[in-house]
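# An overview of the molecular structure
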Amino acid sequence: DTAVSQTPKYLVTQMGNDKSIKCEQNLGHDTMYWYKQDSKKFLKIMFSYNNKELIINETVPNRFSPKSPDKAHLNLHINSLELGDSAVYFCASSQLAGPTYEQYFGPGTRLTVT
Amino acid sequence: AQSVTQLDSHVSVSEGTPVLLRCNYSSSYSPSLFWYVQHPNKGLQLLLKYTSAATLVKGINGFEAEFKKSETSFHLTKPSAHMSDAAEYFCVVSEDGEYGNKLVFGAGTILRVKS
């Protein structure tokens, strides 16, 4: 059973389009995250939700809007896609929001904006 | 803010020889530190974590890391490299904010294993 799953795995789209990436975890965790890995492999957090509530919102354009319908899901919607949004997006989850809890990562979604 | 510096962007070793991936951290208090590995076109997998218990931490696949507060280091080692260890390794510090914690990643070290 996949612990943290993301769909789609690959997403190719044109500038200006709106797209969504879905994430689901079956670990019973309370906290979920979105990270962005750029072309140089640098990973940076975007958002964190704890029990469906937003707790971390890094400096991310308003075009990115996370939504958590329940504890097991955290989706990422991106409006008006730009070339610079091309990256690999990773979803992660942890049991709770404290610093000692390791995060479990999904396989990633490679987004290419043309 | 906390940060980590991975001192080598690339490390190349021969199969069967020791591996050393270096990481220094910056933190105002006792941090939680992790090493993650990313194989090509794959997600991230936790290798090991330090959370203020034993300073020598053992992880999966024969890897271990030692937390040295005096040197602010958390280097990753393995006695004998295997071809399957070729991957990118990230040293990570967990930063605890007012509302939640986030992982702060180093820039990564690509490990190449020669046969």
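One structure accompanies this document, and this report is about it. (Residues numbered from 1 in each chain as written. Chains lettered and ligands numbered in written order. Predicted model: local features only at pLDDT ≥ 70, side-chain atom pairs only at ≥ 80, totals over all residues. Heavy atoms only, no water.)

### A few points about the state of the cysteines
All names here are of chain B.
- Applying the stated criterion to the full structure yields two disulfides over all chains.
- One disulfide bridge connects C23 with C91, the sulfur atoms lying 2.0 Å from each other. Around the S-S axis, the bridge from C23 to C91 shows a dihedral of about -70° and counts as left-handed. Linking C23 in strand β4 (residues 23-26) with C91 in strand β10 (residues 87-96), this pair joins segments that are 68 residues apart in sequence. There is no split in this pair, since C23 and C91 are both buried. (Disulfide = S-S within 2.5 Å. Helix = DSSP H or I, 4+ residues; strand = E, 2+ residues; numbered from the N terminus. Buried < 20%, exposed > 50% of the residue type's maximum accessible area, 1.4 Å probe, protein only.)

### Overview of the sheet that holds strand β1 (residues 4-7) of chain A
All names here are of chain A.
- Overall, antiparallel pairing links the four strands, which are arranged β1-β3-β8-β7 in an open sheet. Both edges of this open sheet fall to β1 and β7 (64-70), since each of them pairs with a single strand only. Looking at each pair of strands side by side, their axes are set apart by 20° on average, direction ignored.
- Here four bridges tie strand β3 (residues 19-25) to strand β8 (residues 73-78), and the two strands are oriented antiparallel to one another. (Pairing = 2+ DSSP bridges. Axes fitted to C-alpha atoms, helices over the stretch in contact; angles between N-to-C directions.)

### Side note on the interface of chain A and chain B
- With 22 residues of chain A at the interface, the matching set in chain B holds 23 residues.
- Summed over both partners, the interface of chain A with chain B comes to about 1,900 Å²; 53% of that surface belongs to carbon and sulfur atoms.
- A per-residue breakdown of the area chain A buries against chain B is headed by L43(A), P99(A) and F105(A), which together make up 27% of the total.
- Our enumeration of links across chain A and chain B arrives at two salt bridges. (Contact = heavy atoms within 4.5 Å. Buried area = accessible area lost by both parts, 1.4 Å probe. Salt bridge = Lys/Arg side-chain N within 4 Å of Asp/Glu carboxyl O.)

### As for the nonpolar core
- In this structure, W35(B), L48(B), F74(B), L76(B) and Y89(B) are the most contacted members of the largest nonpolar core, which totals 27 residues.
- Counting residues in each nonpolar core, the second largest holds 20 residues, with L76(A), Y89(A), L111(A) and V113(A) among its members. (Core = buried A, V, L, I, M, F, W, Y, C linked by side-chain atoms within 4.5 Å.)

### Brief notes about the pairing of β7(A)
- Bridge count for β7(A) against β8(A) is five bridges, and the pairing is antiparallel. Bridged to F64(A) within β8(A) is I78(A).

### Here's the deal with the pattern of salt bridges
- What the rule picks out here adds up to nine salt bridges over all chains.
- The partner of D85(B) in a salt bridge is K78(B), and the shortest N-O contact between them spans 2.8 Å. Pair check on accessibility: D85(B) and K78(B) agree, each one buried.
- Residues joined by salt bridges that share partners form a network here, namely R63(A), E82(A) and D85(A).

From the geometry alone we can't say anything about function, so treat these as descriptive.
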